[in-house]
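# Examination of the molecular architecture
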2 protein chains.
Amino acid sequence: MSSETKKPGRGRPKTLDKAHVTDVAMHAYWEEGPTEVSMNEICARAGVSKPSVYREFGNDDGLAYAALESYAASVLGKILAIIADDDIFPNKISKIAYLSAEEEVHENGCLFVKMRAAKAKMGPKTKALIDQIESMAIDAFTGLLTQGRATGEWNNSISVELGARYLHAQIGLALDQRARGQDPKALLDLALSVLSPPKA
Amino acid sequence: MSSETKKPGRGRPKTLDKAHVTDVAMHAYWEEGPTEVSMNEICARAGVSKPSVYREFGNDDGLAYAALESYAASVLGKILAIIADDDIFPNKISKIAYLSAEEEVHENGCLFVKMRAAKAKMGPKTKALIDQIESMAIDAFTGLLTQGRATGEWNNSISVELGARYLHAQIGLALDQRARGQDPKALLDLALSVLSPPKA
DNA sequence: ACATTTTTATACTAACTGGTATTTTAAAAT
DNA sequence: ATTTTAAAATACCAGTTAGTATAAAAATGT
């Protein structure tokens, strides 16, 4: 909606590519851990000066916020797309499980899960965004299960609210395990089996 | 086995209480996170000088190692005691779940889980101890499930190896949730329900 | 040409980190 | 009493962190 482009005014033209810096930061935090990479390091890797980064992002909190925001847009977008997809309920669950447990994009885990784990060290803006993404994810899973219940595809004794929290927790666990170099597939399948309706 | 007491020789008598320092470090790491408390801070809180701590523990790795070792001895001991207990299989599972999900001793989570999450920032000795405790835990759960299978109390299609890893992962998840201020009880119950034998 | 505006690059700060060299102190052995 | 041993306290070190003051550069407006 809002454009980043500001009609090029008087001063020296800007060479700093904000999206590029955000991307460098996002990948650094994602692959190496959000507390493992300093501002100095990000600036060096992005090939930009430190004052430029501070002008654009304010402080480390602002940069972490931008990185997480950018991450969430793409990853949460994929989950929402699966939910909105026209497919049967169990396939949607499988697709979400596959996305987190097997897709190579999550080979090193999930930036959100890592930032949540390091929440104590994050700044206030980033903390708030973590909470916001958390509830958006829960909402997404709640929507999925509400769908399933409405269509009768998900009929068991588990409440939608508990199911959504469970799904969220198990996917987070799988992503955490991937970050530790484990293969979470079998464990996640087992965990999600409790959401399956009885064989009836 | 080995005694820490060394016949008091010639020099100035030692006033530093190694067990006390270890305890201060353990609780600091446990409650605030192993990367949140510096050596300076530990020394100040324990009321001892920095060189004394470095003489006793070598470096930060040594102190973290001692803290985790002390923690594991007490907590893993409890789990092993439950397993060795004379009780029926499902009760043992319940007791272990209760220990991690409800006992107030784990109100702030589990030092092992937190150190494992911060493994990248730990020194080599502590890293090795984390791995060692991890496999000891898996072994303990494997033993429990092997028991259950042998007595026929745990008869389902899940392999002992997968079940042990699952139990370990779910308990770790519950402890992680507690560290984040959540109540994991309902989620853990749901997760562990897949280990229950069919109603038959 | 020259002033103005904005961004860039360099160099710096203050606080904190893990770790240590040095001096002081307290005991035992002679 | 004096020497010896070991521990303790103080003060220090080099490196890193987030963040910034200052100056140089590159554009536009007049």
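Now for a description of the structure that goes with this document.

The rules behind each value
- Residues numbered from 1 in each chain as written.
- Chains lettered and ligands numbered in written order.
- Predicted model: local features only at pLDDT ≥ 70, side-chain atom pairs only at ≥ 80, totals over all residues.
- Heavy atoms only, no water.
- Near = heavy atom within 4 Å.
- Polar contact = N/O pair within 3.5 Å; in protein donor to acceptor, adjacent residues only side chain to side chain.
- Helix = DSSP H or I, 4+ residues; strand = E, 2+ residues; numbered from the N terminus.
- Nonpolar A, V, L, I, M, F, W, Y, C, P; charged D, E, K, R; others polar.
- Contact = heavy atoms within 4.5 Å.
- Buried < 20%, exposed > 50% of the residue type's maximum accessible area, 1.4 Å probe, protein only.
- Phe/Tyr/Trp six-rings, centres within 6.5 Å; stacked < 30°, edge-to-face > 60°.
- Lys NZ or Arg CZ within 6 Å of the ring centre and 35° of its normal.
- Expected span 1.5 Å × (residues − 1).
- Least-squares fit on C-alpha atoms with pLDDT ≥ 70 in both.
- Axes fitted to C-alpha atoms, helices over the stretch in contact; angles between N-to-C directions.
- Parallel < 35°, antiparallel > 145°, perpendicular 65-115°, else oblique.
- Core = buried A, V, L, I, M, F, W, Y, C linked by side-chain atoms within 4.5 Å.

We now examine the protein's contact with DNA strand C. Near DNA strand C there are 24 residues, and of these A:Thr15, A:Leu16, A:Arg55, B:Lys50 and B:Tyr54 occur at the shortest range. Of everything in DNA strand C that lies within 4 Å of the protein, sugar and phosphate atoms constitute 69%. In this structure, A:Leu16 approaches DNA strand C through a main-chain N or O atom, which is 2.8 Å from a phosphate oxygen. Within the residue set of the surface near DNA strand C, elements represented by two or more residues are α3 (50-57) of chain A together with α2 (39-46) and α3 (50-57) of chain B. The residue makeup of the surface near DNA strand C, split by class, is 7 nonpolar, 9 polar and 8 charged.

Turning our eyes to something else, we now look at the side chain of B:Gln177. Looking at the secondary structure, you find B:Gln177 in helix α8 (residues 160-179). With residues near it in sequence (within four places) discarded, B:Gln177 still touches A:Ala169, B:Gln182, B:Pro184 and B:Leu187.

The local shell around DNA strand D holds 23 residues, among which A:Lys50, A:Tyr54, B:Thr15, B:Leu16 and B:Arg55 are the closest. Here the atoms of DNA strand D within 4 Å of the protein split so that 69% fall in sugar or phosphate, with bases taking the remainder. Between A:Met39 and DNA strand D, the recorded distance is 3.0 Å, taken from a backbone N or O atom to a phosphate oxygen. Across the surface near DNA strand D, the residue classes break down as 6 nonpolar, 9 polar and 8 charged.

Another point: the side chain of A:Gln177. Since its relative accessible area comes to 3%, A:Gln177 is described here as buried. Setting aside residues no more than four positions away along its own chain, A:Gln177 makes contact with A:Gln182, A:Pro184, A:Leu187 and B:Ala169.

All right, on to the environment of A:Leu188 then. Residues and elements named next belong to chain A. Among the structural elements, leucine 188 can be located in helix α9 (residues 185-192). Classification of leucine 188 by relative accessible area gives buried; the value is 3%. A C-alpha to C-alpha distance of 19 Å links leucine 188 and leucine 76, two positions 112 residues apart in sequence. Ignoring sequence-local partners within four residues, the contact set of leucine 188 consists of Ala97, Ser100, Ala101, Gln170, Ile171 and Ala174.

Enumeration according to the criterion identifies 4 aromatic pairs over all chains in this entry. Summarising the aromatic geometry, the rings of B:Trp30 and B:Tyr71 are spaced 4.7 Å apart at their centres and angled 80° between planes, so their arrangement reads as edge-to-face. In this pair, B:Trp30 sits in helix α1 (residues 18-32) while B:Tyr71 sits in helix α4 (residues 60-84), placing the two residues 41 residues apart along the sequence. The residues B:Trp30 and B:Tyr71 share a single accessibility class, namely buried. Between A:Lys18 and the ring centre of A:Phe57, over which it is positioned, the NZ or CZ distance is 5.2 Å.

A few words now on the environment of B:Leu16. Residues and elements named next belong to chain B. In this fold, leucine 16 is placed in the segment before α1. Residue leucine 16 is classed as buried on the basis of its relative accessible area of 12%. As for leucine 16 and glycine 58, which are separated by 42 residues in sequence, their C-alpha atoms are 14 Å apart. Discounting chain neighbours no more than four positions away, the residues touching leucine 16 are Val21, Val48, Ser52, Val53 and Glu56.

Let us look at the interface of chain A and chain B. Where the parts come together, the accessible area they lose is often given as the size of the interface. Listed by partner, the interface residues are 22 residues for chain A and 22 residues for chain B. Remark: the boundary between chain A and chain B carries 3 residue pairs in polar contact (both at pLDDT 80 or more). Mapped by element, the contributors of at least two residues to the side of chain A that touches chain B are α8 (160-179) and α9 of chain A. Sort the elements by how many residues they give to the side of chain A that touches chain B and α8(A) lands first, with 7 residues.

Here we come to helix α7 (residues 124-151) of chain A. Residue and element names in this part refer to chain A. With 28 residues, α7 should cover 40 Å at 1.5 Å per step; its first-to-last C-alpha distance of 41 Å lies within 8% of that length. Every buried residue belonging to α7 is among Thr126, Leu129, Ile130, Ile133, Glu134, Ala137, Ala140, Phe141, Leu144, Leu145 and Gly148, and all of these are buried. Summarising the contacts, the buried residues of α7 are in contact with α4 (60-84), α5 (89-101), α6 (111-117) and α8. The positive-phi residue at the C-terminal boundary of α7 is glycine 152, with phi of around 80°.

So, on to the relation of the copies chain A and chain B. Aligned on chain B, chain A shows an RMSD of 0.1 Å; the corresponding rotation is 180° and the shift along the axis is 0.0 Å. Taken together, the turn and the small shift mark the pair as related by a two-fold rotation axis. Comparing contact sets, 100% of the residues at the interface of chain A also lie at the interface in chain B, consistent with an isologous, same-surface contact.

As a further point, take the environment of B:Asp189. Take B:Asp189: it is sitting in helix α9 (residues 185-192). Residues B:Asp189 and B:Gln170 lie 19 residues apart in sequence; the distance between their C-alpha atoms is 9.8 Å.

Residue and element names in this part refer to chain A. Interaxial distance between helix α1 (residues 18-32) and α3 falls to 11 Å at its minimum, and their mutual angle equals 100°. Considered as vectors, α1 and α3 are oriented roughly perpendicular to each other. Together, Lys18, Val21 and Thr22 of α1 and Val53, Glu56 and Phe57 of α3 make up the contact between the two elements. Grouping the constituent residues of the contact of α1 with α3 by class yields 3 nonpolar, 1 polar and 2 charged.

This part covers the nonpolar core. A:Tyr29 and B:Tyr29 are the most contacted members of the largest nonpolar core, which has 135 residues in total. The contacts of B:Tyr29, once residues within four sequence positions are left out, are B:Pro34, B:Val37, B:Ile42, B:Leu63, B:Ala64, B:Ala67, B:Leu111, B:Lys114 and B:Met115.

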